[in-house]
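One letter stands for each residue in the lines below.
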Amino acid sequence: MIEIKNLNPAKLPASPQRIMKYVLVYCAAGKLDVQVDHTPFVLHPGDVITITSGQIHHIVPGSEARGYILEFTLDFFCKDDNDIELIFHNGLFCHFAMNEVIPVDKDIIEEQLALIRNELTEQPYQYLISVHSRVALILVSINRSKVKRGDEIWKPEALFLKFLEAVRNNFEHNYSLAQFAALLGTTEAKLNEQAKLHAGKTAQNVIYGLVTAEAKRLLTYGDLTVKEVAYKLGFNDPFYFSNFFKKQTGISPKLYKEQGSL
């Protein structure tokens, strides 16, 4: 559900990893090199980066790097629509690869992360309620830092965020927009309205974008063939998948894999 770890260079995975949790990395001292999907980032003391569930990431600390890694599931944090909107507010854990390094208030973040660690270690009465509140406080503090530096506020509605999660959780089914609407108890028109409002594109194009991003991950990391990637994403015809990928990216999946495999 939720876990917090002190940043220990000796215990970090040696290669990129993928976990189905939301990850917050905080650098307290030293320097951290972090790669999320295909993009490198550098964190300095007082910086955080948020990583969406399912994104492939690799944390490579420099000498004497210190800090925290906080991991939690969507089910742990999101008890209602307000929680869903908070976790994605201003793109903090957005599915659109909006990862960024964010300077924060060190005193607040370090205090709350340390208290979360103590709560999870000691497990006093109603500790999970306390931890949930402290995670919310951390997210609010990060959002305030973003607003303070002049970032434009982005606050999507819960339905749109549930739509993104539904797509991410059902890649292998290759659902149509109508099927996603039925799954969410809404209509295609409503999903299109939400997508245009919050992403500036149709709901179908949102689906295409998320599927393409997932295809890039599968082609870049691991040993799957193009055919295997196609089947994993619910395409019955690898040739159709290749045409889809090339239309979305301008390059064939075979060439993309040859150029970027790790």
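Whatever comes next refers back to the structure up there.
Draft legend 1. Region of the structure containing the overall build of the chain. When you go through the chain residue by residue, the secondary structure sums to eleven helices and nine strands. Against the compact-globule benchmark of 18 Å for 262 residues, the chain has a radius of gyration of 19 Å, which places it among compact chains. Dimensions of the chain, computed from the C-alpha atoms along their principal axes, are close to 50 × 40 × 35 Å. The 262 residues of the chain split such that 48% are buried.

Draft legend 2. Local environment of the packing of helix H5 (residues 158-169) against helix H6 (residues 177-184). Contact pair H5 / H6: the axes reach a minimum separation of 10 Å and the direction vectors enclose 120°. Overall, the two elements H5 and H6 adopt an arrangement that is oblique. For the element pair H5 and H6, the recorded crossing hand is right-handed. Two secondary-structure elements touch here, H5 through Leu 159, Lys 162, Phe 163, Ala 166 and Val 167 and H6 through Leu 177, Phe 180, Leu 183 and Leu 184.

Draft legend 3. A look at the pairing of strand E4 (residues 32-36). Where burial is concerned, the two faces of E4 differ: the one with Leu 32, Val 34 and Val 36 is buried and the one with Asp 33 and Gln 35 is not. As judged from the five bridges shared by E4 and strand E5 (residues 39-43), these two strands associate in the antiparallel manner. Its bridge partner lying in E5, Val 36 is registered against Thr 39. Between E4 and E5, which follow one another and run antiparallel, lie two residues, and Asp 37 among them has a positive phi close to 55°. Two elements, E4 and strand E7 (residues 56-61), share five bridges in a ladder whose sense is antiparallel.

Draft legend 4. Structural context of the pattern of salt bridges. Under the counting rule described, the total for this entry stands at ten salt bridges. Where Glu 165 meets Arg 168, a salt bridge forms, and the shortest distance between an N and an O atom there is 3.3 Å. With Glu 165 and Arg 168 both in helix H5 and three residues apart, this pair spans about one turn of that helix. In this structure Arg 168 comes out as buried when scored by relative accessible area, which is 12%.

Reading the values: rules and limits
Residues numbered from 1 in each chain as written. Predicted model: local features only at pLDDT ≥ 70, side-chain atom pairs only at ≥ 80, totals over all residues. Heavy atoms only, no water. Helix = DSSP H or I, 4+ residues; strand = E, 2+ residues; numbered from the N terminus. Rg over C-alpha atoms; globule rule 2.2 N^0.38 Å. Buried < 20%, exposed > 50% of the residue type's maximum accessible area, 1.4 Å probe, protein only. Axes fitted to C-alpha atoms, helices over the stretch in contact; angles between N-to-C directions. Parallel < 35°, antiparallel > 145°, perpendicular 65-115°, else oblique. Left-handed = near helix turned anticlockwise from the far one by under 90°. Contact = heavy atoms within 4.5 Å. Pairing = 2+ DSSP bridges. Salt bridge = Lys/Arg side-chain N within 4 Å of Asp/Glu carboxyl O.

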